[in-house]
Amino acid sequence: MHFQRGAWFAVLLSSLALAQTVHAQLNPSRQITIVVPIGAGGGVDATGRLIAEKLQERLKQPVVVENRPAAGGMIGTDSVAKAAPGGHTLLMMESSAVLHKWLRKDVPFDVTTDFAPVAQVATSPLMLFAQPSFPPNDVKELIALAKAQPGKLSVGIPGAGTPHHLALMMMNALAKVEMVPVPYRGAALSLNDLLSGQIPMIWAAPTAVMPHVAAGKAKVLGVASPRRLPSLPQVPTVAESGVPGFSIEVFFGVAAPAKTPPDLVARFARELAEISKLPDVQERITRAGLIPTYLDSGPFRALIHNDHERFGKIIRDAGIQPN
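Predicted model, so just to flag it, every value in this text is computed and none were measured.

S.K.: Give a detailed account of the packing of helix H2 (residues 42-59) against helix H10 (residues 279-287), specifying residues and quantitative values.
M.R.: Between H2 and H10, the shortest axis-to-axis distance is 11 Å and the interhelical angle comes to 170°. Classified by the angle between their axes, H2 and H10 sit roughly antiparallel to one another. The hand of the H2/H10 crossing is right-handed. Where H2 approaches H10, its residues Leu50, Glu53 and Lys54 are matched on the opposing element by Asp280, Val281, Arg284 and Ile285.

Here is the structure:
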């Protein structure tokens, strides 16, 4: 009798485990949607489409990208937070997701609890560019001029609440200066105004601007990353140019709704780890102006938490209130 009860219990446990496994399997007849919370074009969209292409090849089922641009990425991000956690809806998450809470009053999700981070796949450097005729040639000279002319220098950014906006706020706070952000509806518009002489400086990713630097139509003042870029070793970091502690890198990663089964999250992470090793993927990410940088689920979750708290403190210390 004791044996029968033990055998029955073992069968029950096996059945439960099997049920959980079946429940956590992807349905191969259903498509997987990767939500890109900004418009088509740019690094986030390009990375999302690359990931979708490679996942479709490996999983043998449809994987599509859906752009949901609105409210600085907040709407698309929230749609994934509230999606069914079956592995068929994923988010192409980037650093703006950790800023929403600190800059807006109406954020309907918590980036630290409403998502299951899968993996980081790339990072993007930010650089401070200026007109060739702008007097400062580096960040040290810029800070001196900004202190002499408080509130007089303007810097273009591709929208309020972006990492570019944060870079300017961080520089203002750490260097104790007051430069004015000028939000644009995208990076291309701010670059056009820089090239036409309408604005003296912009924060931007290097890909679109460096050809103009080579042509003498713009110059670089500094890079926001904690290290000099291997591709541009001559460009000093902001931190080493008189603003110690300055460090911003934009992350690009994949996240799922919070209650997605852990084995599905682990499977997607394994697939992304293999995809990240492919030479053509690394080449295409690099060509898009990004740096291939894989982080597994645990380290990616820690990065999201750390950036959320670190950037939140910078914003609060700067006296900026959510609106």
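So much for the structure itself; the text now carries on.
S.K.: Any details on the sheet that holds strand S2 (residues 63-67)? Residues and values, ideally.
M.R.: The six strands lie next to each other as S2-S1-S3-S10-S4-S11, forming an open sheet whose pairing is mixed. Whereas interior strands pair on both sides, the edge strands pair on one side only; in this sheet they are S2 and strand S11 (291-295). Each strand of the sheet is rotated relative to its neighbour by a mean of 25°, with strand direction disregarded. One ladder, built from eight bridges, connects strand S4 (residues 115-124) with strand S10 (residues 250-257); its direction is antiparallel. Bridge pairing in S10 links Gln120 to Gly253.

S.K.: Pulling in residues and values, what's your account of the pattern of salt bridges?
M.R.: All told, the structure shown has 15 salt bridges when counted by the stated rule. Here Arg104 makes a salt bridge to Asp106, at a shortest N to O gap of 3.3 Å. Residue classification places Arg104 among the partly exposed residues on the basis of a relative accessible area of 28%. Exposure remark for Asp106: the relative accessible area of 46% places this residue in the partly exposed category. Measuring nitrogen to oxygen at the nearest pair gives 2.9 Å for the salt bridge that ties Arg228 to Glu240. With Arg228 in the loop between strand S9 (219-223) and S10 and Glu240 in the loop between S9 and S10, the pair connects residues that are twelve residues apart, well separated along the chain.

S.K.: So what about the sheet that holds strand S7 (residues 180-183)? Which residues, and what values?
M.R.: Reading across the sheet, the five strands line up as S7-S6-S8-S5-S9 and stay open at both edges, with mixed pairing between neighbours. Single-partner strands in this sheet number two, and they are S7 and S9. Strand-to-strand, the axes of this sheet are offset by a mean angle of 30°, without reference to chain direction. Two strands pair when backbone bridges link them, and strand S5 (residues 127-130) and strand S8 (residues 201-204) are joined in this way by four bridges, in the antiparallel orientation. The residue of S8 that forms the bridge with Leu128 is Trp203. Those strands touched by helix H6 (residues 163-175) are S5, strand S6 (154-157), S7 and S8, and its axis lies near 120° from that of S8.

S.K.: Please give an account of unusual backbone geometry that cites residues and values.
M.R.: Phi angles above zero are rare outside glycine, and Lys60 is one such case at about 60°. Mapped onto the elements, Lys60 comes out in the loop between H2 and S2. Of note, Lys176 is a non-glycine position whose phi angle comes to about 55°, a positive value. When you line up the elements, Lys176 lands in the loop between H6 and S7.

S.K.: Account for the pairing of S10, naming residues and giving values.
M.R.: Burial of S10 is extensive: eight of the eight residues sit out of reach of the surface. In terms of strand pairing, strand S3 (residues 89-94) meets S10 through four bridges, oriented antiparallel. By the bridge assignment, Met93 is partnered in S10 with Gly253.

S.K.: Break down the environment of Ala83 for me, with residues and values.
M.R.: With respect to the helices and strands, Ala83 occurs in the loop between helix H3 (74-81) and S3. By relative accessible area, which is 18% here, Ala83 ends up buried. Residues Ala83 and Ala256, spaced 173 residues apart in sequence, show a C-alpha to C-alpha distance of 8.7 Å. Residues contacting Ala83, with those up to four places away along its chain left out, are Thr89 and Pro257.

S.K.: Lay out the packing of aromatic side chains with the relevant residues and their values.
M.R.: Counting across every chain of the model gives three aromatic pairs. Consider the rings of Trp203 and Phe246, whose centres lie 6.1 Å apart with planes at 10°: the pair is stacked. Of this pair, Trp203 sits in strand S8 while Phe246 is found in the loop between S9 and S10, placing the two residues 43 residues apart along the sequence. For the pair Trp203 and Phe246, a shared accessibility class is recorded, and that class is buried. Here Phe251 and Phe300 contribute two aromatic rings whose centre-to-centre distance is 5.5 Å and whose plane-to-plane angle is 85°, an arrangement assigned as edge-to-face. Separated by 49 residues along the polypeptide, Phe251 in strand S10 and Phe300 in helix H11 (residues 297-317) bring together distant segments of the chain. In terms of burial, Phe251 and Phe300 fall into one category: buried. Against the face of Trp102 rests Arg316, its NZ or CZ located 4.8 Å from the ring centre.

Conventions adopted
- Residues numbered from 1 in each chain as written.
- Predicted model: local features only at pLDDT ≥ 70, side-chain atom pairs only at ≥ 80, totals over all residues.
- Heavy atoms only, no water.
- Axes fitted to C-alpha atoms, helices over the stretch in contact; angles between N-to-C directions.
- Helix = DSSP H or I, 4+ residues; strand = E, 2+ residues; numbered from the N terminus.
- Parallel < 35°, antiparallel > 145°, perpendicular 65-115°, else oblique.
- Left-handed = near helix turned anticlockwise from the far one by under 90°.
- Contact = heavy atoms within 4.5 Å.
- Pairing = 2+ DSSP bridges.
- Salt bridge = Lys/Arg side-chain N within 4 Å of Asp/Glu carboxyl O.
- Buried < 20%, exposed > 50% of the residue type's maximum accessible area, 1.4 Å probe, protein only.
- Phe/Tyr/Trp six-rings, centres within 6.5 Å; stacked < 30°, edge-to-face > 60°.
- Lys NZ or Arg CZ within 6 Å of the ring centre and 35° of its normal.

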